[in-house]
Structure formats: C-alpha cells, structure tokens
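Summary of the model geometry
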Amino acid sequence: MKYRLYILASSLYVMATAQAVAQEKIRVPSTQEVISTCKTPSSPESRSFCIGYVTAVYDSYMVSRKPKKVESLICMNQPASTRDEVIADLTKWSDKHPEYAMEPAAGNILRFFSERFPCKKSVKR
C-alpha cells in the first residue's frame, strides 16, 4: 500500500512539474544580451554560451536552407576563420550597429554572417 502511495505521489509531482515547465515562456535573448556575454569571455560559462549560441544559429541556418530553391546568403570559405575571430568580428559589428541591440539576437547574427561571409554573386548569361 505504501508503495502505491509513493508511486501516486511521485506521479502527481512529475505531472505538476511538467505542467509548470510547459507553461513557462521561452524568452528570446536580444542582440545586446548575447553580445554582452560574448564581450566578457572571462568565464568558461560565458564563452561557452556565446560560442554555442552563435554556432547554433549558423548551424540552424545551414540545415534549414534549401539550396536548390534559394541562393545562400552566407558562404564561409575553407579554411574558415577561428571561432575567436568570428566572435571578435561579431562584437565589432554590433558596436557599429546599435540600432539592432534590442532585436532578437538570432536574426542579427545571421545578418552579421551574411555581411561578413557573403556569397559571390553568380553571373547569369
């Protein structure tokens, strides 16, 4: 009997926790928030967050585009720049574009990549 009560109590706890998590709103970080973290890479946590976030935005772009239907806006030639070089360029870019500070970070990171690593325009004949 005690075992069944324990299982019931555990199940109720898990369901209540899951419902609370499901109702939690996901906050989209602003460009300023991400860049602020990238500018202070003194801790392993902030450096990891910065590199992870920027890499995830780029990777998401790469896997979601359909190359047969849409021309790519970002072409990173190989050998590519180092992560630290890209992050340094991103923070310099954001300093030049304060108008984007309060916008969602992901879109502006893609904007940076398209300016920093543009594709050569194909010549149509």
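The text that follows walks through the structure, step by step, so that each part is easy to find. (Residues numbered from 1 in each chain as written. Predicted model: local features only at pLDDT ≥ 70, side-chain atom pairs only at ≥ 80, totals over all residues. Heavy atoms only, no water.)

A few words on the overall build of the chain. Counting its regular elements, the chain contains five helices and zero strands. Each helix and strand of the chain, ordered N terminal to C terminal, gives the series α-α-α-α-α. The burial tally for the chain puts 25% of its 125 residues in the buried class. Counted over contacts in the chain with a minimum sequence separation of 6, partners at least 24 positions apart contribute 72%. Of the roughly 9,800 Å² of accessible surface on the chain, a fraction of 60% belongs to carbon and sulfur atoms. (Helix = DSSP H or I, 4+ residues; strand = E, 2+ residues; numbered from the N terminus. Buried < 20%, exposed > 50% of the residue type's maximum accessible area, 1.4 Å probe, protein only. Contact = heavy atoms within 4.5 Å. Areas by Shrake-Rupley, 256 points an atom, 1.4 Å probe, with all protein chains shown as cover.)

This structure, assessed with the given rule, holds two disulfides. Here C38 is linked by a disulfide to C50, with a sulfur-sulfur distance of 2.0 Å. Here the disulfide of C38 and C50 is right-handed, its torsion about the S-S bond being about 100°. Within this pair, whereas C38 is found in helix α2 (residues 31–39), its partner C50 is found in helix α3 (residues 44–64), the two being separated by 12 residues in sequence. The exposure class assigned to C50 is buried, which follows from its relative accessible area of 2%. Here C75 engages in a disulfide with C119; their sulfurs sit 1.9 Å apart. (Disulfide = S-S within 2.5 Å.)

Looking at α2, one finds that the buried residues are T31, V34, I35 and C38. An end-on view of α2 places all buried positions within 95° of arc, on one side of the element. (Arc of directions from axis to C-beta.)

Time to look at unusual backbone geometry. The step from Q78 to P79 runs through a cis peptide bond, and the omega angle for that step is 0°. By the element assignment, P79 lies in the loop between α3 and α4 (83–96).

Where α2 contacts α3, the axes come no closer than 8 Å and their chain directions differ by 130°. Considering their axes alone, α2 and α3 lie oblique with respect to each other. Like other packed secondary-structure pairs, α2 and α3 cross with a definite hand, here left-handed. Of α3, the residues touching α2 (which contributes V34, T37 and C38) are S46, F49, C50 and Y53. Taken together, the residues of the contact of α2 with α3 break down into five nonpolar, two polar and no charged. (Axes fitted to C-alpha atoms, helices over the stretch in contact; angles between N-to-C directions. Parallel < 35°, antiparallel > 145°, perpendicular 65-115°, else oblique. Left-handed = near helix turned anticlockwise from the far one by under 90°. Nonpolar A, V, L, I, M, F, W, Y, C, P; charged D, E, K, R; others polar.)

This brings us to α4. The end-to-end C-alpha separation of α4 is 20 Å, in line with the 20 Å expected for 14 residues at 1.5 Å each. V86, I87, L90, T91, W93 and S94 are the residues of α4 that are buried. Buried residues along α4 cover an arc of 160° about the axis, so they all sit on one side. Turned more than 90 degrees away from the buried face of α4, the exposed residues are K92, D95 and K96. For α4, the elements touching its buried residues are α2, α3 and α5 (105–116). (Expected span 1.5 Å × (residues − 1).)

Any functional reading would require information that these geometric values do not contain.
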